[in-house]
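A look at the structure
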There are 2 protein chains.
Amino acid sequence: MNKRAFFDPTFKLGILGGGQLGKMLCQVTSRWALHTAVLDTSRDFPAGQVCSEFVEGDFTDYNDVVEFGKQMDVVTIEIERVNSAALNTLKQQGTIVHPDPGALDIIKDKGLQKQFYDHQGLPTTPHQLFAGKNEIENAVGAGSLKLPFVVKARKDGYDGRGVHIVRTEQDLAECFDAACLVEPLLELEREVSVIVARNQRGEIKSFPPVGMEFHPTANLVEYLYCPAGIGSSIAQEAIQIAQATAESLDMCGLLAVEMFVTTDGQLLINEVAPRPHNSGHHTIEACSVSQFEQHLRAILDLPLADVTLRSPAVMINILGSPGHEGPARYNGLEQCIGIVGVSLHLYGKSTTKPFRKMGHATIVAPRLEQAIETAKFVRSTISVTA
Amino acid sequence: MNKRAFFDPTFKLGILGGGQLGKMLCQVTSRWALHTAVLDTSRDFPAGQVCSEFVEGDFTDYNDVVEFGKQMDVVTIEIERVNSAALNTLKQQGTIVHPDPGALDIIKDKGLQKQFYDHQGLPTTPHQLFAGKNEIENAVGAGSLKLPFVVKARKDGYDGRGVHIVRTEQDLAECFDAACLVEPLLELEREVSVIVARNQRGEIKSFPPVGMEFHPTANLVEYLYCPAGIGSSIAQEAIQIAQATAESLDMCGLLAVEMFVTTDGQLLINEVAPRPHNSGHHTIEACSVSQFEQHLRAILDLPLADVTLRSPAVMINILGSPGHEGPARYNGLEQCIGIVGVSLHLYGKSTTKPFRKMGHATIVAPRLEQAIETAKFVRSTISVTA
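Let us look at the structure shown here. (Residues numbered from 1 in each chain as written. Chains lettered and ligands numbered in written order. Predicted model: local features only at pLDDT ≥ 70, side-chain atom pairs only at ≥ 80, totals over all residues. Heavy atoms only, no water.)

**A word on the overall build of chain A**
Selection criterion: Numbering of helices and strands starts at the N terminus; helices are DSSP runs of H or I of at least 4 residues and strands are runs of E of at least 2. Restricting the calculation to C-alpha atoms gives the radius of gyration, and the globule rule supplies 2.2 Å times the number of residues raised to the power 0.38. For every residue, the accessible area (1.4 Å probe, protein chains only) is compared with the maximum for its type, and the residue is labelled buried under 20%, exposed over 50%, or partly exposed between those bounds. It only takes one pair of heavy atoms within 4.5 Å for two residues to be counted as in contact. The accessible surface values rely on the Shrake-Rupley method and a 1.4 Å probe; as for residues, cover is taken only from the protein chains in view.
Helices and strands together make up the secondary structure of chain A, namely 12 helices and 22 strands. Taking 21 Å as the expected radius of gyration for a compact globule of 386 residues, we find that chain A reaches 21 Å, a close match to that expectation. Taken over the C-alpha atoms alone, chain A extends approximately 65 × 50 × 45 Å along its principal axes. When each of the 386 residues of chain A is scored for burial, the buried share is 59%. Counted over contacts in chain A with a minimum sequence separation of 6, partners at least 24 positions apart contribute 63%. Taken as a whole, chain A presents about 14700 Å² of accessible surface, with 47% of it coming from carbon and sulfur.

Given below as structure tokens:
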């Protein structure tokens, strides 16, 4: 690719996936007047009204992805579940594809991910791989695996799906049956995330680490806060681990690296995502550059932007209320939109479901404690019902 | 209007005009998932790819505007040249219209504007009204009007069009012939702009004043800077005048008030615009809220947001290069996009013309002097050629 070609009117960027991450990528490309096509099954999805061109198709289908991608100069993703064989074909045919399909194949399979970290000497959680539930039961029966533990599906788990905590035999009986990995339940101080950007020329920059609080039952990030409150030496170490991971995977684009901080101060990689990530939404308002713009800079081989945190920030997901499914109704928005420092993002999903990500709010304040106070009010005030 | 109705999926906002101001309004409504329809003659215009719904029609045509507007809950504008009789009809039929067609009629006619300021006791430039060129020539011949002076068309002047400086008889001979107002050439210290937001419940907030530098021949804002460097007492006075003007016009929405600061420290209203304005583009990156979001808050009768300047900023228009007309080519963008603090906005106009507004760049920096230095580099580096 001619490095300057992307400001050429004939340049086309393709995004696989039309969800909120695709939408927020399109909000940046719109600012740059960069022609952006989105592939997904329905134009009603969040990115459908913001992209330059919407192509109806299935990003898990080989032919749909190849057909779509061959008309693009650069192809990227907003979700991992895409057809990576098709991305490989596109790459061989000369389309620029970021992330690389090889890295994507490792990341899509949590088992391969863990083996990769072991092989690269990157710190990660202890783990064992199993072919299915039966094998786990046998291991427990034989005493080689002890309760409690966490079972994670190797593939297609996201937003808490495909994760099952086993404390009792009853829990085990209720576990899904699929190829999986099993990890011990660690004593955690907290969970943090570092979003790294790396471009083709190898320039690398990391946003400041964020702390993540999970929703107790939905296993979704409920709010995150930045700074992460882990002290500067652990923060530095987290950034080093994240950057080493991005370099080991030879990433081009963003890599979100979720890590556990154990009570004895160890940093262990939990999992990674090769795309914009929920833990980086606050960057839109709180940093010098948003994660979305930084991803585009990276994949277009433009210089990466400064990532300074301009203000402490808290991000909360606006989730569909439990017990509600149907056309979405938003409650409490007006009370929150008047508060200094509160920014609302609604994704435009017409239907709500329990715990569905319907939007998010970012709260900035001169001190993190204030932002947390406001975030608590916002969380208790906004709801999405049917 | 039910105040909460605008987060209802059935709510519709209509914008007359599909230029860059409409585009940047849509970028905010997209973040709020607020259904936004745009009326203009071609979907290829900047807002065409960002709005939820594009309606092809002529915003100067009575029927087109009424047809479009009656499907909307709230109608606003991004350009003054709209059919205000149609807006009046819509208002009578119950559509919420901001700005009010009455205020718009005053603002569209620079003669009525001046008479309004006089009537309200608002400070403005000395002025005389003339029916056409012949009348001006007679006044000059009779000695009741003395060279030099500025002739401004009462209607349809914008971006420097409809403004003619007369220093010599030859200049007068070359002047356009239309209903106009004539002002003396004042000794100016500088020109400033204050953007005021006012909502229906009368809440009012002003962005900090900005200083404007005009392009010497194109008579377009070439760059603006904030803070305006006029000292806090003049800044306060400028804000008071701007707010008094918005209140006199009973504005709902934004009012951009351009003022002259004379060498003897007087503030005189030059002209106003009842919409987002070129002098407020920097607010996207530099203020707690952008002018576009603030306009939407005002017209939807939501609480106005905090307008704090988070960082000194300079905004430069990216104009079509003189001597170039045709499909646009952008030069020098990559060199500029790598500089800390530089944000690019391209409007997506496919064709460039001399001095056409093709985009803008905002430069933020801890000190204004640094931002000005960077802005000079950006201005000398970026060009748009055919």
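**Remarks on the packing of aromatic side chains**
Think of a pair of aromatic rings as described by two things: how far the centres are apart, and how the planes are tilted against each other in angle. Heads up, the condition is: Two rings from Phe, Tyr or Trp (for Trp, the six-membered ring) form a pair when their centres are within 6.5 Å of each other. A pair whose planes differ by under 30 degrees is stacked, one over 60 is edge-to-face, and the rest are tilted.
Here the structure, examined in full by the defined rule, presents 4 aromatic pairs over all chains. Residues A:Phe116 and A:Tyr117 carry aromatic rings whose centres are separated by 6.3 Å and whose planes lie at 70° to one another, so their mutual orientation is edge-to-face.

**Some words on the sheet that holds strand β1 (residues 13–16) of chain A**
Residues and elements named next belong to chain A. Just so we agree on the cut-off: Only when DSSP finds a minimum of two bridges between them are two strands counted as paired. In this analysis, axes come from line fits to C-alpha atoms, helices being fitted only over the stretch in contact, and the angle between any two N-to-C directions falls in the range 0 to 180 degrees.
Overall, parallel pairing links the 5 strands, which are arranged β3-β2-β1-β4-β5 in an open sheet. Looking at which strands have only one partner, the edges of the open sheet turn out to be β3 (53–56) and β5 (96–97). Here strand β4 (residues 74–77) pairs with β5 via 2 bridges, running parallel. When the sheet's bridge partners are listed, Val74 is paired in β5 with Ile96. The sheet strands contacting helix α1 (residues 20–31) are β1 and β2 (36–40), and the helix crosses β1 at an angle near 165°.

**Quick look at unusual backbone geometry**
A:Pro99 follows A:His98 through a cis peptide bond whose omega is 5°. You can see A:Pro99 is positioned in the loop between β5 and α4 (101–108). The omega torsion across A:Leu147 and A:Pro148 is -10°, close enough to zero to call that bond cis. Position of A:Pro148 relative to the elements: it lies in the loop between α6 (133–142) and β7 (149–153). A positive phi angle, near 55°, is found at A:Asp301, a position not held by glycine. Position of A:Asp301 relative to the elements: it lies in the loop between α10 (291–299) and β16 (313–319). Of the residues examined, A:Asp301 reaches a relative accessible area of 5% and is grouped as buried. The phi dihedral of B:Phe355 is positive, around 65°, even though this residue is not glycine. Looking at the secondary structure, you find B:Phe355 in the loop between β20 (351–352) and β21 (357–364). With a relative accessible area of 27%, B:Phe355 lands in the partly exposed category.

**As for the environment of A:Val342**
Note on placement: A:Val342 falls in strand β19 (residues 342–346). Residues A:Val342 and A:Thr374, spaced 32 residues apart in sequence, show a C-alpha to C-alpha distance of 8.3 Å. In this view, A:Val342 contacts A:Cys336, A:Thr362, A:Ile363, A:Thr374, A:Val378 and B:Arg297; residues no more than four positions away in its chain are not counted.

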